[in-house]
Amino acid sequence: MQFNSIDFLVFFPAVVLIYWIIPKKVRYLWLLVASYYFYMSWNASYALLIGASTLITYVCGLLVEWIGTHEEKGWSVAGKLVVAVGFLSNLGILFFYKYFDFFLTNLNVVLEHFQKKPLTSSLEVLLPVGISFYTFQALGYLVDVYRKEIAAEKNPLRYALFVSFFPQLVAGPIERSGNLLKQIREVPYKKTFEYHRIVNGLILMLYGFFLKMVLADRIAIVADYAFDHYYSLGSAELVTGAVAFAIQIYCDFGSYSLIAIGAAQVMGFTLMENFNTPYFATSIKDFWRRWHISLSTWFRDYLYIPLGGNRKGKVRKYCNLMLTFLASGLWHGAAWTYVIWGGLHGLYQIIGDLLHPVRKKIVEIFDVRTDCISFKLTQIAFTFVLTTFAWIFFRADNLGQACVYISRIATRTNPWALFNGTLYTMGLEQFEANVLFFALFILLLVDLVRYRLGRRVDVFLQEQNIWFRWLVCLLLILLVVVYGKYGPDYDAAQFIYFQF
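Think of each chain on its own: its residues are numbered from 1, step by step along the sequence as written. Local features in this predicted model are restricted to residues whose pLDDT is 70 or higher, and side-chain atom pairs enter the listing and the counts only when it is 80 or higher, whereas totals over whole chains, interfaces and linings include all residues. Working from all heavy atoms in the structure, the side-chain values ignore hydrogens and water.

**Concerning the overall build of the chain**
Inference 1: Of the regular secondary structure elements, the chain holds 18 helices and 0 strands.
Inference 2: Projected onto its principal axes, the C-alpha positions of the chain cover 70 × 65 × 55 Å.
Inference 3: Only protein chains enter the accessibility calculation, which uses a 1.4 Å probe. A residue is then buried if its area is under 20% of the maximum for its type, exposed if over 50%, and partly exposed in between. For the chain, with 500 residues in total, the buried portion stands at 51%.
Inference 4: Across the chain, contacts joining residues at least 24 apart in sequence account for 76% of those joining residues at least 6 apart.
Inference 5: Every accessible area reported is derived by Shrake-Rupley at a probe size of 1.4 Å, with residue values counting cover from the shown protein chains alone. A total of about 24000 Å² of accessible surface is found on the chain, and carbon and sulfur atoms cover 67% of it. Put simply, DSSP H or I for four residues or longer makes a helix, DSSP E for two residues or longer makes a strand, and each gets a number counted from the N terminus. Note on contacts: a residue pair is in contact if any heavy atoms of the two residues lie within 4.5 Å.

**Quick notes on the layout of surface pockets**
Inference 1: Cavities and pockets are found on a 1 Å grid laid over the protein atoms alone: a cavity is a set of points where a 1.4 Å probe fits but cannot escape, a pocket is an open set with protein on both sides within 12 Å along at least five of seven lines, and a lining residue has an atom within 4 Å of such a point. Grid points are joined across faces, edges and corners, and a volume is the space filled by probe spheres set on the points. Of the pockets and cavities examined, the largest pocket occupies roughly 1400 Å³.
Inference 2: Lining the largest pocket we find 38 residues, and of these Ser283, Ile284, Lys285, Asp286 and Gln349 sit closest to its centre.
Inference 3: If you list the elements that add at least two residues to the lining of the largest pocket, you get helix H10 (284-290), helix H11 (293-304), helix H12 (314-332), helix H13 (336-365) and helix H14 (373-395).
Inference 4: The leading source of residues in the lining of the largest pocket is H13, at 11 residues.
Inference 5: The residue inventory of the lining of the largest pocket, partitioned by class, reads 16 nonpolar, 14 polar and 8 charged. Classification used: nonpolar for Ala, Val, Leu, Ile, Met, Phe, Trp, Tyr, Cys and Pro, charged for Asp, Glu, Lys and Arg, polar for all others including Gly.

**What about the packing of aromatic side chains?**
Inference 1: The aromatic pairing rule takes the rings of Phe, Tyr and Trp, using the six-membered ring of Trp, and pairs them if the centres are within 6.5 Å, calling planes under 30 degrees apart stacked, those over 60 edge-to-face and the rest tilted. Applying the stated criterion across every chain, the model contains 56 aromatic pairs.
Inference 2: Taken together, a centroid distance of 6.1 Å and an interplanar angle of 55° make the contact between Tyr141 and Phe162 tilted. Placement of Tyr141 in helix H5 (residues 131-146) and of Phe162 in helix H6 (residues 156-164) is noted, with a sequence separation of 21 residues between them. Taken individually, Tyr141 and Phe162 each receive the classification buried, so the pair is uniform in this respect.
Inference 3: With centroids separated by 5.0 Å and ring planes inclined at 90°, the aromatic side chains of Trp391 and Phe394 adopt a geometry described as edge-to-face. Residue Trp391 and its partner Phe394 are both found in helix H14; the two are separated by 3 residues, about one turn of the helix.
Inference 4: Under the relative-accessibility criterion, Trp391 is labelled buried at 1%.
Inference 5: A cation sits over an aromatic face here: Lys98 above Trp331, 5.3 Å from the ring centre.
Inference 6: Whether a charge lies above a ring is judged from NZ of Lys or CZ of Arg, which has to be within 6 Å of the ring centre and within 35 degrees of the ring normal. The positively charged end of Lys190 is found above the aromatic ring belonging to Phe269, 5.1 Å away from the centroid.

**Brief notes about unusual backbone geometry**
Inference 1: The backbone phi angle of Thr277 is positive, close to 45°, even though this residue is not glycine.
Inference 2: The topology assignment puts Thr277 in the loop between helix H9 (235-266) and H10.
Inference 3: The class for Thr277 is buried, based on a relative accessible area of 3%.
Inference 4: Positive phi is not limited to glycine here, since Asp367 has a value of about 50°.
Inference 5: Tracing the sequence through the fold places Asp367 in the loop between H13 and H14.
Inference 6: The exposed category is assigned to Asp367, whose relative accessible area is 64%.

**With respect to the pattern of salt bridges**
Inference 1: Criterion for a salt bridge: a side-chain nitrogen of Lys or Arg within 4 Å of a carboxyl oxygen of Asp or Glu. All told, the structure shown has 19 salt bridges when counted by the stated rule.
Inference 2: Salt-bridge contacts for Asp301 lead to Arg176; the nearest nitrogen and oxygen are separated by 3.1 Å. Within this pair, whereas Asp301 is found in helix H11, its partner Arg176 is found in the loop between H6 and helix H7 (177-185), the two being separated by 125 residues in sequence.
Inference 3: On the basis of relative accessibility, which here comes to 16%, the residue Asp301 falls in the buried class.
Inference 4: Under the relative-accessibility criterion, Arg176 is labelled buried at 19%.
Inference 5: Between Arg456 and Asp458 there is a salt bridge whose closest N-O contact spans 2.8 Å.
Inference 6: What you see here is one network of salt bridges that share partners, running through Glu273, Arg450, Arg456 and Asp458.

**Observations regarding the side chain of Gln462**
Inference 1: Structurally, Gln462 can be placed in helix H17 (residues 457-462).
Inference 2: Residues in contact with Gln462, not counting those within four places in the same chain, are His196, Val199, Asn200 and Arg469.

**A few points about the environment of Phe495**
Inference 1: Positionally, Phe495 belongs in the segment after helix H18 (466-483).
Inference 2: Accessibility expressed as a relative area gives 1% for Phe495, which makes it buried.
Inference 3: The spacing of Phe495 and Asp217 is 278 residues in sequence and 9.4 Å in space, taken between C-alpha atoms.
Inference 4: Once residues within four sequence positions are removed from consideration, Phe495 is found in contact with Gln2, Phe3, Asn4, Lys212, Asp252, Ser255, Tyr256 and Ile259.

**Regarding helix H8 (residues 195-228)**
Side chains that are three or four residues apart share a direction in an α-helix, a result of its 3.6 residues per turn.
Inference 1: Helix length check: H8 (34 residues) gives 47 Å between terminal C-alpha atoms against 50 Å at 1.5 Å per residue, within 8%.
Inference 2: To get the bend at a residue, fit one axis to the 7 residues ending there and another to the 7 starting there, then take the angle between the axes. For H8, the principal kink sits at Ala216 and spans about 35°.
Inference 3: With respect to burial, H8 is a largely interior element, 27 of its 34 residues being buried. What a helix is expected to span follows from its residue count: subtract one and scale by 1.5 Å.

**Focus: empty space enclosed by the protein**
Inference 1: Summed over all chains, the structure comprises 3 cavities of 30 Å³ or more.
Inference 2: Of the voids in this model, the largest cavity is the one considered here, and its volume is about 210 Å³.
Inference 3: Contributing to the lining of the largest cavity are 19 residues, with Tyr250, Leu258, Phe275, Asp447 and Arg450 lying nearest its centre.
Inference 4: Counting only elements with at least two residues in the lining of the largest cavity, the list comes to H8, H9 and helix H16 (430-453).
Inference 5: In terms of residue class, the lining of the largest cavity is made up of 9 nonpolar, 5 polar and 5 charged.

**Overview of a nonpolar patch on the surface**
Inference 1: Patches draw on residues past 30% relative accessible area with no salt bridge. Two like charges within 9 Å are joined, as are two nonpolar side chains (Val, Leu, Ile, Met, Phe, Trp, Tyr) within 5 Å. Taken together, the side chains of Leu347, Ile351, Leu354, Leu355, Val358, Ile362, Ile365, Phe366 and Val368 make up a nonpolar region of the molecular surface, amounting to roughly 810 Å² of accessible area.
Inference 2: Structurally, the position occupied by Leu355 is in helix H13.

**Observations regarding the environment of Lys182**
Inference 1: By the secondary structure assignment, Lys182 is in helix H7.
Inference 2: Each C-alpha atom of the pair Lys182 and Phe162 lies 9.3 Å from the other, and the pair is 20 residues apart in sequence.

**Describing the packing of H9 against H16**
Inference 1: Every axis corresponds to a line fitted to the C-alpha atoms, with the helix fit spanning only the stretch in contact, and the corresponding angles, defined between N-to-C directions, vary from 0 to 180 degrees. The geometry of H9 relative to H16 is characterised by a closest axis approach of 13 Å and an angle of 65° between their N-to-C directions. H9 and H16 meet at a crossing whose hand is left-handed. Packed against H9, whose contacting residues are Ile247, Tyr250 and Cys251, the element H16 presents Leu440, Leu443 and Asp447 at the interface.
Inference 2: Here the contact of H9 with H16 is composed, by residue class, of 5 nonpolar, no polar and 1 charged. Crossings are classed by handedness, with left-handed meaning an anticlockwise turn of the near helix from the far one by less than a right angle and right-handed meaning a clockwise turn.

Put into structure tokens, the structure is as follows:
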């Protein structure tokens, strides 16, 4: 069941209405049932996997907490062993469903090199949606219990809801136990109806639908055209396709996060922010403070810092950075294109750190004003170029396509294509392109408000006059209803991050 489907437009109001009506003590049980129904709507057998992950980490959490109370009796090693069992079993499930074919394919390449007989497998494994997200959420809980940052949850059904909470189940945000699990425990004491909270949640959902159905799915036509016809296009079209994908993935993933946060907010839950104007970042390091925040902070807290972070010298710091970003790339998908995408971001950060003293010296020598808008815009533009270049590997079907795509940008220069109407042949008619430009203008305005004023769209609108708020909401509704992408041709336009 996708957010941008008729099924969800029926499912969500029904869940919320029943949630408000039933006694507070059983509300978490209703949300658990609704969450499993939501997840099983893709494939009923998926419930077995999320149930297994939930059971393993629930039991391990209880054991770790019990062992933690007996550390003085020499049980400390046992605690680490239990955490290791929890990690290995969950990552083993993730490996089998997501990485087994990738591993087997690459192993056969090595065997072929040594003239050995390749291994074959008759398994046809279908990747369960959202498995990477709920696996990391459950593992984060286990580590939090081990670190004594949160008490182990004794109620298995409450814990099951934490792992499966339907608004953020399939594509995040990857919630922390200290945030979401704590709120689930407080469900019996939550206020039932808060007007401003509900309105703000609905505004976030509406803006999320706008980003997905009007902007992301429309600009995806341009990006898909460029990557499908890369072998015959010039540099202007290919650059446009790369930029289109950079905007598409931001709007697509950002829209899911907004709908998830808004849906949770309607029911009284506060989920963590996942995006904060990432394309206004002034460096790659700043970009990762703003992009997929729940994942980047997960890798920081549960991988980068445990590896030693920046506490053991520069060489170790750079190795830790690269390992973290390579793991992040592999988390996104079982393909070398994702690994290279992650490696590029790690390399960007390492080079940026190495060149920091040089940049500082140049600024001092030439008396550059780092607080002026021209300097900021230069930084933003350069960062956007670097991230867009890396997105080519992320979007490409394979390394060969990515390399040819980049080589044609460098060798098939045709800047006049920007002015002779050639770009209108990339799958969009002029009217559709005009709708896209208007939607991009709205995105820019909203992100500028967030960047300059620190106001999320729902908060900003609540601060305005009621007539302005309703005017903006009606405009967004009109754009979604009239210009949103619907119909059989777009049924497969699922959220990009569902595949991760």
